[in-house]
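Chain by chain, the residues:
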Amino acid sequence: MRAELNRLERHGWRVLHSILLAVKVDVDHLLIGPGGVFSINTKHHHKRAVWVGDDSVKLDYGKLAPYAR
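Residues numbered from 1 in each chain as written. Predicted model: local features only at pLDDT ≥ 70, side-chain atom pairs only at ≥ 80, totals over all residues. Heavy atoms only, no water.

J.: Lay out the sheet that holds strand 3 (residues 36-40) in plain terms, naming residues and giving numbers.
T.: The strands making up a sheet associate through backbone hydrogen bonding, with each pair oriented either parallel or antiparallel. Pairing is antiparallel in the open sheet, where three strands are placed in the order 1-2-3. With partners counted over all chains shown, the strands left at the sheet margins are strand 1 (14-22) and strand 3, one partner each. Adjacent strand axes in the sheet meet at a mean angle of 30°, parallel and antiparallel pairs treated alike. One ladder, built from five bridges, connects strand 2 (residues 25-33) with strand 3; its direction is antiparallel. Along strand 3, the bridge assignment pairs Ile-32 with Val-37. (Pairing = 2+ DSSP bridges. Helix = DSSP H or I, 4+ residues; strand = E, 2+ residues; numbered from the N terminus. Axes fitted to C-alpha atoms, helices over the stretch in contact; angles between N-to-C directions.)

J.: Provide a residue-level description of the sheet that holds strand 6 (residues 64-65), including the pertinent values.
T.: Pairing is antiparallel in the open sheet, where three strands are placed in the order 4-5-6. Looking at which strands have only one partner, the edges of the open sheet turn out to be strand 4 (50-52) and strand 6. Bridge analysis of strand 5 (residues 57-59) against strand 6 gives two bridges, and the strand direction is antiparallel. By the bridge assignment, Val-57 is partnered in strand 6 with Ala-65.

Remember, this is a structural readout, not a statement about activity or role.
As structure tokens, then:
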């Protein structure tokens, strides 16, 4: 993900990774550029069934996680 996002720098974007905000709280990726400011939270769910809805994610048919919020 890091390498892919870094490619945006040639198009006028500033890309920051792993910004620590507090103990155990961070922003995975922050993009600042012509289109605005975007925060991207990335997760790795190896060998898991992942369902993605409009504003939630569900792993292995379990409880909805409101990642978008």
